[in-house]
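# Breakdown of the fold
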Amino acid sequence: MNQLPRTPSFRLTGKRALVTGASRGIGLGGAMALAEAGAHVVMAARSTPSIMAAAARIQEAGYSAEGVSLDVSDYASMVNTIADYAPFDILFNNAGTNDPKPYIDVTTDNFDSIVDLNLRSAFFVAQQVAKSMIEVGNGGSIIHTSSQMGHVGGIERSVYCGTKFGIEGVTKASAIELAQYQIRVNTLCPTFIRTPMTESTFNNPEKRAWIEEKIKLGRVGEVEDIMGAVVFLASDAAALITGTSLVIDGGWTAD
Ligand SMILES: NC(=O)c1ccc[n+]([C@@H]2O[C@H](COP(=O)([O-])OP(=O)(O)OC[C@H]3O[C@@H](n4cnc5c(N)ncnc54)[C@H](OP(=O)(O)O)[C@@H]3O)[C@@H](O)[C@H]2O)c1
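Let me sum up the structure you'll find in this document. (Residues numbered from 1 in each chain as written. Predicted model: local features only at pLDDT ≥ 70, side-chain atom pairs only at ≥ 80, totals over all residues. Heavy atoms only, no water.)

## Some remarks on the pattern of salt bridges
Summed over the entire model, instances satisfying the criterion amount to six salt bridges. For the salt bridge of Lys-207 with Glu-156, the shortest nitrogen-to-oxygen distance reads 3.3 Å. Remark: Glu-156 occurs in the loop between β5 (140–145) and α5 (158–178) and Lys-207 occurs in helix α7 (residues 205–214); sequence separation between them is 51 residues. The partly exposed category is assigned to Glu-156, whose relative accessible area is 24%. When the shortest N-O distance is used, the salt bridge between Arg-219 and Asp-225 registers 2.9 Å. (Salt bridge = Lys/Arg side-chain N within 4 Å of Asp/Glu carboxyl O. Helix = DSSP H or I, 4+ residues; strand = E, 2+ residues; numbered from the N terminus. Buried < 20%, exposed > 50% of the residue type's maximum accessible area, 1.4 Å probe, protein only.)

Below, the structure written as structure tokens:
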């Protein structure tokens, strides 16, 4: 007799996750979601007090987490930190930034700082974690925080879109090469989420009106809107999903 199909597990018990940019915003939400699903979460960001406080909050809520101070754009220190804290089954590669400017006003400094964090550092953090996953041989899930701006253009976001379209390409190409090791690589593509990074955009009435008009579900995103998606992509429920993106945009890119 045929067995009734059963939903693969969304639980992450026994897994180890690294979350970059975990002290606030989307990274803190992702770290909490992974911890709630049962993973031990290593949380990284530059500011020591902030990342230690964020990890302590998750521990106080009854989950397993620790903080580490790390500037992901410092290659040598990133390599050492990953070696110290590996192995990892999950990477939520989330540290990123924006400094919105009209295309005509973008300077080389502005360009370099956004590309350095959002594309260069994200690339090498994932490469380093992938190397350690290959060594251990248990596969894994790499989730890059891309953006809806990795799929469409946005006002004053020529550099930001360049980095997020870039990480979409890195995701597809690396997914092809890492599949032989059962390492899945995907992106999470949120619309505007209320975080410290987007505060200045939301405080501008013209930009807020633009955002609210574009999000078909009629509200801006909250950190909670990304949390289930992080767990899903990390879990066995997404076992055949790689080289693609999960867009959480309230319908922004639907038209
Ligand atoms: N908010 C949105 O609407 C939105 C939408 C789509 C995509 N995203 C993407 O989501 C990610 C997180 O955005 P967010 O809004 O949560 O940003 P955020 O509130 O500014 O938080 C950024 C986090 O990254 C850390 N960070 C910054 N530079 C770092 C570095 N060099 N090394 C290590 N950690 C670093 C910050 O801590 P320290 O400063 O202490 O290092 C902080 O924990 C970014 O990749 C962003 O592009 C955001």
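## A word on the site of the ligand
Around the ligand, the structure places 29 residues, and the nearest of them are Ser-23, Arg-46, Tyr-160, Ile-193 and Thr-195. Contacts to the ligand include Arg-46, whose side-chain N or O atom sits 2.8 Å from an oxygen atom. Residue Thr-195 places a side-chain N or O atom 2.5 Å away from an oxygen atom belonging to the ligand. A total of 890 Å² of accessible area belongs to the ligand in isolation, and the protein chains cover 95% of it. Contributions of two or more residues to the shell around the ligand are made by α1 (25–36) and α5. Its residues assigned to classes, the shell around the ligand shows 13 nonpolar, twelve polar and four charged. (Near = heavy atom within 4 Å. Polar contact = N/O pair within 3.5 Å; in protein donor to acceptor, adjacent residues only side chain to side chain. Areas by Shrake-Rupley, 256 points an atom, 1.4 Å probe, with all protein chains shown as cover. Nonpolar A, V, L, I, M, F, W, Y, C, P; charged D, E, K, R; others polar.)

## Here we look at the environment of Leu-28
Position of Leu-28 relative to the elements: it lies in helix α1. C-alpha of Leu-28 to C-alpha of Lys-164: the two residues are 136 residues apart in sequence and 20 Å apart in space.

## Structural notes on the sheet that holds strand β3 (residues 65–69)
Read from one edge of the open sheet, seven strands run β3-β2-β1-β4-β5-β6-β7, paired in parallel fashion. This sheet does not close on itself; its edge strands, each paired only once, are β3 and β7 (245–248). Taken pair by pair, the neighbouring strands of this sheet meet at an average axis angle of 15°, ignoring direction. Sheet analysis places strand β1 (residues 16–20) next to strand β4 (residues 90–93), joined by three bridges and oriented parallel. Counterpart to Leu-18 in the pairing with β4 is Leu-91. (Pairing = 2+ DSSP bridges. Axes fitted to C-alpha atoms, helices over the stretch in contact; angles between N-to-C directions.)

## Let's talk about unusual backbone geometry
Most peptide bonds are trans, and most residues other than glycine sit at a negative phi. A cis amide bond links Ala-86 to the next residue, Pro-87, at an omega of 10°. Here Pro-87 shows up in the loop between α3 (75–85) and β4. The phi dihedral of Glu-156 falls on the positive side, at around 60°, and the residue is not glycine. Although it is not a glycine, Gln-182 sits at a positive phi angle of roughly 60°. Position of Gln-182 among the secondary structure elements: in the loop between α5 and β6 (183–190). Judged by its relative accessible area of 60%, Gln-182 is exposed.

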